[in-house]
Amino acid sequence: AQSVAQPEDQVNVAEGNPLTVKCTYSVSGNPYLFWYVQYPNRGLQFLLKYITGDNLVKGSYGFEAEFNKSQTSFHLKKPSALVSDSALYFCAVRDNTGGFKTIFGAGTRLFVKA
Amino acid sequence: DTGVSQDPRHKITKRGQNVTFRCDPISEHNRLYWYRQTLGQGPEFLTYFQNEAQLEKSRLLSDRFSAERPKGSFSTLEIQRTEQGDSAMYLCASSLGADNGYTFGSGTRLTVV
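Residues numbered from 1 in each chain as written. Chains lettered and ligands numbered in written order. Predicted model: local features only at pLDDT ≥ 70, side-chain atom pairs only at ≥ 80, totals over all residues. Heavy atoms only, no water.

Honestly, the packing of aromatic side chains in this entry has me stumped. Any pointers?
Applying the stated criterion across every chain yields a total of 19 aromatic pairs over all chains. When the centroid spacing of 5.4 Å and the interplanar angle of 45° are considered together, the rings of B:F21 and B:Y90 count as tilted. Taken together, the residues span a long stretch of sequence, with B:F21 in strand β3 (residues 19-24) and B:Y90 in strand β9 (residues 88-95) at a distance of 69 residues. Judged by its relative accessible area of 0%, B:Y90 is buried. Ring centres of B:Y102 and B:F104 lie 6.0 Å apart, and the angle between their planes is 50°; on these two criteria the pair is classed as tilted. B:F104 matches B:Y102 in its accessibility class, with the two residues each being buried. A connected cluster of aromatic rings, assembled from ring pairs, spans A:F34, A:Y36, A:F46, A:F104, B:Y33, B:Y35, B:F45, B:Y48, B:Y102 and B:F104. Its end group placed over the ring of A:F63, A:K78 keeps NZ or CZ at 5.0 Å from the ring centre. The ring centre of B:F45 lies 5.1 Å from the NZ or CZ of A:K101, which sits over that ring. (Phe/Tyr/Trp six-rings, centres within 6.5 Å; stacked < 30°, edge-to-face > 60°. Helix = DSSP H or I, 4+ residues; strand = E, 2+ residues; numbered from the N terminus. Buried < 20%, exposed > 50% of the residue type's maximum accessible area, 1.4 Å probe, protein only. Lys NZ or Arg CZ within 6 Å of the ring centre and 35° of its normal.)

Structure, rendered in C-alpha cells:
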C-alpha cells in the first residue's frame, strides 16, 4: 500500500537556523512526492513536488526538498528559518495503484522561535 | 480565476439531518477531489472526479455519502443522516492532470450536534 510517514509530530527551530522536516514513503512504481503547508486558519497550499530528475527540488517560500531513493525519504529543508514559516507541513505521495489520488501524511507542526 | 471556492465555510447541523456542500474548482482543472480532515490529522481521501466521471471512492466512505460533478464543473458532497463522527473539515481540491499539485479550497467545517 502507498503511504507516507512523518516521524516527528513537532519540530522546533530558532529563527535563522536551518530546518528539516522529515518524510519517508512507501510506494509501488516511481514515486511522485509532494509537500504542502497549512498556515493557521488558512487552506492547504502546495509547496513543491518531485516527479523525476534532480534529487533536490526547489519550491515556494525558499523551501527545498531532497529525494533519496535508497532511503525512501523526501525531507523538506530550508537554509534559514523565519518565524512566519511556523505552520503545519504535510508530506504526500501519489497513489500509483490506480486513480493517482494523493495520500497525505499526518503532518508535522513547525515552530520557529524568534 | 480566484482559486477553489467552497460553500458554506461553516455548517452546524443536528444529528440525523442531511447536509450538502458545494465546491467550485479552478475552471481549467479537470480533476476534483474531496478530502476530510480532523484535528491533528492529515487530509483523508474521500472521492475524486475526472471531468464529470467519479473514478474512485474511498472504502471508508459509507453509503450516506454521495458526490456529484455535473457537467464537469462544480461539485457537491452530500451527507445523509449525519452522525457526530462526521464532524470534520471537508476539503475540496482541484488539479490539472495527475502529476501536478492540488489547489485546495478553504474547506467547510461541519459540526454535528
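Please explain the interface of chain B and chain A as it appears in this structure.
Much of the literature gives interface size as the accessible area that the parts lose upon coming together. The partner chain A presents 19 residues to the 19 residues of chain B that form the contact. Here chain B meets chain A over a buried area of about 1500 Å², counting both sides, of which 51% is carbon and sulfur. Considering only the side of chain B, the residues that lose the most area to chain A are B:D99, B:Y102 and B:F104, jointly responsible for 31% of the buried surface there. Scanning the region where chain B abuts chain A turns up 8 residue pairs in polar contact (both at pLDDT 80 or more). A per-element tally of the side of chain B that touches chain A places strand β4 (residues 31-37) of chain B first, with 4 residues. For the side of chain B that touches chain A, the residue count by class is 9 nonpolar, 7 polar and 3 charged. (Contact = heavy atoms within 4.5 Å. Buried area = accessible area lost by both parts, 1.4 Å probe. Polar contact = N/O pair within 3.5 Å; in protein donor to acceptor, adjacent residues only side chain to side chain. Nonpolar A, V, L, I, M, F, W, Y, C, P; charged D, E, K, R; others polar.)

Where do I start with the nonpolar core in this structure?
Nonpolar side chains tend toward joint burial in soluble globular proteins. By size, the foremost hydrophobic cluster in this structure holds 28 residues, and its most contacted members are A:W35, A:L47, A:L48, A:F74, A:L76 and A:Y89. Looking at this core, the elements that each hand over two or more residues are β2 (10-14), β3 (19-21), β5 (33-38), β6 (44-50), β8 (64-68), β9 (73-78), β10 (87-94) and β12 (108-113) of chain A. Broken down by element, this core gets its largest block of residues, 4 residues, from β10(A). If near-sequence neighbours (up to four positions away) are discounted, A:Y89 is found in contact with A:Q6, A:W35, A:Y36, A:V37, A:L47, A:F63, A:L76, A:G107, A:T108 and A:L110. In this structure, B:V19, B:C23, B:L32 and B:L61 belong to the second largest nonpolar core, which totals 19 residues. (Core = buried A, V, L, I, M, F, W, Y, C linked by side-chain atoms within 4.5 Å.)

What is the right way to read unusual backbone geometry from this model?
Peptide bonds are mostly trans, and most non-glycine residues show a negative phi. With an omega of -5°, the peptide bond running from B:D7 to B:P8 counts as cis. Topologically, B:P8 is positioned in the loop between β1 (5-7) and β2 (10-13). Phi at A:Y61 is positive, roughly 60°, even though this residue is not glycine. Of note, A:Y61 is situated in the loop between β7 (56-58) and β8.

Sorry if this is basic, but what is going on with the pattern of salt bridges here?
In a structure, side chains of opposite charge can pair up when their charged atoms sit close to one another. On inspection of all chains with the given rule, the structure shows 10 salt bridges over all chains. Across the pair A:R94 and B:D99 runs a salt bridge whose closest N-O atoms are separated by 2.6 Å. Pair noted here: A:R94 is in strand β10 and B:D99 is in the loop between β9 and β10 (103-104), and the two residues belong to different chains. The partner of B:D24 in a salt bridge is B:R22, with the nearest N and O atoms 2.7 Å apart. A relative accessible area of 29% means that B:D24 is categorised as partly exposed. B:R22 gets classed as partly exposed once you look at its relative accessible area, which sits at 33%. The network of salt bridges with common partners includes A:D95, A:K101 and B:E56. (Salt bridge = Lys/Arg side-chain N within 4 Å of Asp/Glu carboxyl O.)

Got a minute to help me understand the layout of surface pockets in this structure?
Empty space left among the atoms is revealed by rolling a probe the size of a water molecule over them. When its volume is computed, the largest pocket comes out at roughly 570 Å³. Lining the largest pocket are 24 residues, with A:Q38, A:N41, B:Q37, B:M89 and B:R109 positioned closest to its centre. Elements supplying a minimum of two residues to the lining of the largest pocket: β9 and β11 (108-112) of chain B. The greatest single-element share of the lining of the largest pocket, amounting to 3 residues, is contributed by β9(B). Grouping the amino acids of the lining of the largest pocket by side-chain chemistry returns 9 nonpolar, 11 polar and 4 charged. Put simply, the second largest pocket is a space of about 370 Å³. Every residue lining the second largest pocket is counted, 16 residues in all, and those nearest its centre are A:K101, A:I103, B:F45, B:S58 and B:R59. Broken down by secondary-structure element, the contributors of at least two residues to the lining of the second largest pocket are β11 (102-104) of chain A together with β5 (44-50) and β6 (53-57) of chain B. The dominant element in the lining of the second largest pocket, judged by the number of residues it contributes, is β11(A), at 3 residues. Classifying every residue of the lining of the second largest pocket by side-chain character gives 6 nonpolar, 4 polar and 6 charged. (1 Å grid on protein atoms, 1.4 Å probe; cavity = no way out; pocket = protein on both sides within 12 Å on 5 of 7 lines; lining within 4 Å. Points joined across faces, edges and corners; volume = space filled by probe spheres on them.)

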